[in-house]
Amino acid sequence: MTSTTPTPRCALRTEGLTKDFRGFRAVSSVDLEVAEGTVHALVGPNGAGKTTLFNLLTGFLKPTSGRIMVFGDDVTGMAPERITHRGVARSFQITSLFENLTPREHVEIALQGLTNQGLRFWRSEKLLGRRRDEVDRLLAEVGLTELADKPTGLMAYGQKRALELALVLAVEPKLLLLDEPTAGMGIEDVDRTIELVRRIAEGRTVVFVDHNMHVVGQLADRVTVLQQGSVLAEGPYDEVRADPRVITAYLGEAHSA
Amino acid sequence: MTSIATAGASVTEQHAAIAGARPWQRLVLLAVGLLVALGLPWFVYPPVAMDIAAWALFAVALDLLLGYCGLLSFGHAAFWGGSAYATGLIAIHLGVPFPLAVLGGAVFAMILAVPIGYLSVKRSGIYFAMVTLAFAQMLFFIANQASSLTGGENGLQGVPRSFFGIEAVETDAFFFYYAALPIILLGMWAAWRIVHSPFGRVLVAIRDNAPRARALGYDVERYKLIVFVLSAGLSGLAGGVFAVSHGFVALPELHWTTSGEVVLMTVLGGIGTLWGGVIGAGLIVMLADYLASSGFDGIGIVTGGVFVTVVLLFRRGIWGTARHLWLNRKRS
Ligand SMILES: Nc1ncnc2c1ncn2[C@@H]1O[C@H](COP(=O)(O)OP(=O)(O)OP(=O)(O)O)[C@@H](O)[C@H]1O
Ligand SMILES: [Mg+2]
């Protein structure tokens, strides 16, 4: 899965991206380049600033300085929903769902997120059911067919993670940002998720965070290692893995754990 | 404040209620509701019946915002009272049939809601409540000052009840009730439609998890602004009917105590139940009427006491508790 296309376009690029929280620098002049159509892993120890970086990329946090370009356009300081409209979808590290909606209703809501159809207060909610085939397909894709109409609040953790992925897929993004898609999963679910991400990466660009080096090795074309907010190393998985600085800073620690 | 908002019945429960209620059960509920609405002036002094209907719509309109969006407005008197004045002025100066005047009042309330909503939906929780309260108080002082237009402290006197020359409606509160009821019912139907629309579904999603909704591409502030304006419009319909029914508009319609009263009715009936407000309104209006006619002047203390008791004992409000019990009865 190495990208060998000549001069691939940048799906995502950051220049000197920095975020300070009251004097504490969580992200420190990060220059990131993700070529279109590739799968890029973001790794680093706890507190390295991975989630903060995702929050910057998706507009949930405003950078202290630096720029963010998505498919060549400057999106720095843009509201999250507008960035989503540019083809960027994210999943959340801490499962973030709508407690009062069923999985089916989640996907229905996600499918109309990029349209103006949600504004139709004068129509029946039955309209939401019109894209049933798509909803069923997405729920089947993540293995939630059986639970489609059960309350989300009662689902197991792994099932919630799966629904989280279905929501991201429903937005039909060109760029996916997945924050620890396999965190807390059992080995079977991890393998299923790897397969799923591999499938959805076809024709898309994926940036994901994961602590599981097996997942990173299986999926990533390139890896960026963050430490204390700064980029420590960047390159193909095998290269980064062999980098002595990375081994001492992170991989060694993770391997010995 | 937010803890009150989250005390509302969950939508899962509403869905369960909808899924669990067979069509005939829903029809029975609807029929009972319509029968009560149609029979009310036979059992209650007709002007009081009209008050109940108007306050009921007002409470339903507030629940649209509080129950389905988690936004506690403490300035809804601006829309009820603002529309009351606008309706009164239209009726006085244009002499149009009262439903048209009421419609004009509701439109005025919606126009008023655009800037107020624009500035307040950026805030949440207690701050949203404070901003809406501030605007409503501002309107109160303006109405008080502009006495040449509004009558100031004396209120706006002599609002006519013109209705195509049909004298029974224009002079008799009993017949007027039936002429005005369709406006109230239309408003209630609109609230129901909004809640059960694609828009209503998005509102629930935003209330549950606004950042997630934004990540899916929803412009949360836009949705909140729209529901704010819709809620104001329905409150305006209610306030307009109230003004025409009384034949004058008193300054307190714009006072913060009016905003508080409708919050009380909504919470009493059950937040996020939509129809709970109808029960809350019926209870409070009848209680206030009973106390007033028996010469007791501590109405606030009694209604406040009822409120505290109900909220402490039945967190979900009257309607919410009843629904909860019904669902659990079916489960066991
Ligand atoms: N809103 C905030 N205010 C203050 N500090 C924050 C905030 N968000 C994150 N931080 C701090 O920034 C640092 C980076 O946090 P972040 O969540 O980005 O780490 P991470 O790499 O995602 O870690 P993990 O692997 O545990 O998820 C941490 O020290 C965290 O305490
Ligand atoms: Mg993180």
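Residues numbered from 1 in each chain as written. Chains lettered and ligands numbered in written order. Predicted model: local features only at pLDDT ≥ 70, side-chain atom pairs only at ≥ 80, totals over all residues. Heavy atoms only, no water.

Caption draft 1: Representation of the site of ligand 1. Residue and element names in this part refer to chain A. Looking at ligand 1, there are 13 residues lining it, with Asn46, Lys50, Thr51, Thr52 and Gln93 nearest. With respect to ligand 1, the side chain of glutamine 93 contributes an N or O atom lying 2.9 Å from an oxygen atom. Within the side chain of histidine 211, a nitrogen or oxygen atom sits 2.9 Å from an oxygen atom of ligand 1. Protein coverage of the free-state accessible area of ligand 1, which is 640 Å², stands at 63%. Counting only elements with at least two residues in the shell around ligand 1, the list comes to strand E2 (24-35) and helix H1 (50-57). Of the residues forming the shell around ligand 1, the biggest block, three residues, is contributed by H1. (Near = heavy atom within 4 Å. Polar contact = N/O pair within 3.5 Å; in protein donor to acceptor, adjacent residues only side chain to side chain. Areas by Shrake-Rupley, 256 points an atom, 1.4 Å probe, with all protein chains shown as cover. Helix = DSSP H or I, 4+ residues; strand = E, 2+ residues; numbered from the N terminus.)

Caption draft 2: Structural context of the packing of helix H10 (residues 173-195) of chain B against helix H13 (residues 220-246) of chain B. Residue and element names in this part refer to chain B. For the pair H10 and H13, interaxial distance at closest approach is 10 Å and the crossing angle is 170°. With respect to H13, the axis of H10 lies roughly antiparallel. Contacts between H10 and H13 involve Phe176, Ala180, Ile183, Ile184, Gly187, Ala190, Ala191 and Ile194 on the former and, on the latter, Leu230, Leu234, Leu237, Val241, Val244 and Ser245. In terms of residue class, the contact of H10 with H13 is made up of 12 nonpolar, two polar and no charged. (Axes fitted to C-alpha atoms, helices over the stretch in contact; angles between N-to-C directions. Parallel < 35°, antiparallel > 145°, perpendicular 65-115°, else oblique. Contact = heavy atoms within 4.5 Å. Nonpolar A, V, L, I, M, F, W, Y, C, P; charged D, E, K, R; others polar.)

Caption draft 3: Representation of the UniProt feature "transmembrane region" (unreviewed entry) in chain B in the model. Residues and elements named next belong to chain B. As recorded in UniProt, the feature "transmembrane region" (unreviewed entry) lies at residues 27-46, 52-71, 126-143, 174-192, 225-250, 262-287 and 299-318. Secondary structure across residues 262-287 comprises 77% helix and 0% strand; the distance between its end C-alpha atoms is 14 Å. Secondary structure across residues 299-318 divides into 85% helix and 0% strand, with the first and last C-alpha atoms of the span separated by 20 Å. (UniProt positions renumbered as here; feature names shortened; annotations may be inferred.)

Caption draft 4: Quick peek at unusual backbone geometry. Residue and element names in this part refer to chain A. The backbone phi angle of arginine 22 is positive, close to 35°, even though this residue is not glycine. Phi is positive for glutamate 180, which is not a glycine, with a value near 55°. Tracing the backbone through its elements, the reader meets glutamate 180 in the loop between strand E7 (175-179) and helix H6 (187-200).

Caption draft 5: Highlighting the side chain of arginine 120 of chain A. Relative to the helices and strands, arginine 120 of chain A is located in the loop between helix H3 (103-111) and helix H4 (132-141). No salt bridge is formed by the buried arginine 120 of chain A; its nearest oppositely charged neighbour, glutamate 108 of chain A, is found at 11 Å. For arginine 120 of chain A, the contacting residues outside a window of four places in its chain are Leu127 of chain A together with Ser197, Pro198 and Phe199 of chain B. (Buried < 20%, exposed > 50% of the residue type's maximum accessible area, 1.4 Å probe, protein only. Lys, Arg positive; Asp, Glu negative; His and termini not counted. Salt bridge = Lys/Arg side-chain N within 4 Å of Asp/Glu carboxyl O.)

Caption draft 6: Local environment of the nonpolar core. Membership of the largest hydrophobic core comes to 150 residues, with the highest contact counts inside it found for Val107, Phe208, Val216 and Val223 of chain A together with Trp55, Phe79 and Phe98 of chain B. Looking at this core, the element that brings in the most residues is helix H4 (residues 46-69) of chain B, giving 19 residues. Built from parts of two domains, this core gets at least three residues from each of domain 1 (1-87 + 174-257) and domain 2 (96-172) of chain A. Setting aside residues no more than four positions away along its own chain, valine 107 of chain A makes contact with Val135, Leu138, Leu139, Leu163, Ala166, Leu167 and Ala170 of chain A. Counting residues in hydrophobic clusters, the runner-up holds 25 residues, among them Ala11, Val27, Leu53 and Ile83 of chain A. (Core = buried A, V, L, I, M, F, W, Y, C linked by side-chain atoms within 4.5 Å. Domains from an automatic or database assignment.)

Caption draft 7: Structural context of the packing of aromatic side chains. In this structure the tally under the stated criterion is 20 aromatic pairs over all chains. Considering the side-chain rings of phenylalanine 60 of chain A and phenylalanine 92 of chain A, the 6.0 Å spacing of their centres and the 75° angle between planes classify their relative orientation as edge-to-face. On the criterion of sequence distance, the pair formed by phenylalanine 60 of chain A in the loop between H1 and strand E4 (65-70) and phenylalanine 92 of chain A in the loop between strand E6 (88-90) and H3 is long-range, its members being 32 residues apart. Look at phenylalanine 60 of chain A and you get partly exposed, because its relative accessible area is 24%. Here phenylalanine 92 of chain A falls in the buried class, since its relative accessible area comes to 12%. Aromatic side chains tryptophan 42 of chain B and phenylalanine 174 of chain B sit 5.3 Å apart centroid to centroid with 85° between the ring planes, which places their arrangement in the edge-to-face category. With tryptophan 42 of chain B in helix H3 (residues 23-43) and phenylalanine 174 of chain B in helix H10, this residue pair connects regions lying 132 residues apart in the sequence. (Phe/Tyr/Trp six-rings, centres within 6.5 Å; stacked < 30°, edge-to-face > 60°.)

Caption draft 8: Examining the side chain of arginine 201 of chain B more closely. Tracing the sequence through the fold places arginine 201 of chain B in helix H11 (residues 198-208). Not counting residues up to four positions away in its chain, the partners in contact with arginine 201 of chain B are Leu101, Glu105, Glu108, Ile109, Glu125 and Leu128 of chain A together with Val195 of chain B.

Caption draft 9: Here's a closer look at the coordination of the magnesium ion (ligand 2). Residues and elements named next belong to chain A. Here the magnesium ion (ligand 2) is held by the protein donor atoms Thr51 (OG1) and Gln93 (OE1), which lie 1.9 to 2.1 Å from it. Taken together, the residues span a long stretch of sequence, with threonine 51 in helix H1 and glutamine 93 in the loop between E6 and H3 at a distance of 42 residues. On the accessibility criterion, glutamine 93 (31% relative accessible area) is partly exposed. (Donors = N, O, S within 2.8 Å, 3.2 Å for Na, K, Ca; no water.)

Caption draft 10: Layout of the domain arrangement of chain A. All names here are of chain A. Taken domain by domain, chain A consists of domain 1 (1-87 + 174-257) and domain 2 (96-172). Distance from the C-alpha centre of domain 1 to the C-alpha centre of domain 2: 26 Å. Of the residues lining the interface, 17 residues belong to domain 1; the matching set on domain 2 comes to 13 residues. Run the count over domain 1 and domain 2 and you get two salt bridges. The residue arginine 204 makes a salt bridge to glutamate 172 at a minimum N-O spacing of 3.5 Å. In this assembly, domain 1 and domain 2 are joined by five residue pairs in polar contact (both at pLDDT 80 or more). For the side of domain 1 that touches domain 2, the secondary structure elements donating two or more residues are helix H2 (80-85), E7 and H6. Top element by residues in the side of domain 1 that touches domain 2 is H6. It accounts for five residues. Tallied by class, the residues present in the side of domain 1 that touches domain 2 amount to seven nonpolar, four polar and six charged.

Caption draft 11: Inspection of the pattern of salt bridges at higher detail. On inspection of all chains with the given rule, the structure shows 21 salt bridges over all chains. Between glutamate 134 of chain A and arginine 131 of chain A there is a salt bridge, with the nearest N and O atoms lying 3.0 Å from each other. You can call glutamate 134 of chain A partly exposed: its relative accessible area is 29%. Between arginine 207 of chain B and aspartate 208 of chain B there is a salt bridge; the shortest N-O distance is 4.0 Å. Sharing partners across several salt bridges, the network here consists of Arg13, Glu15, Arg67 and Asp74 of chain A.

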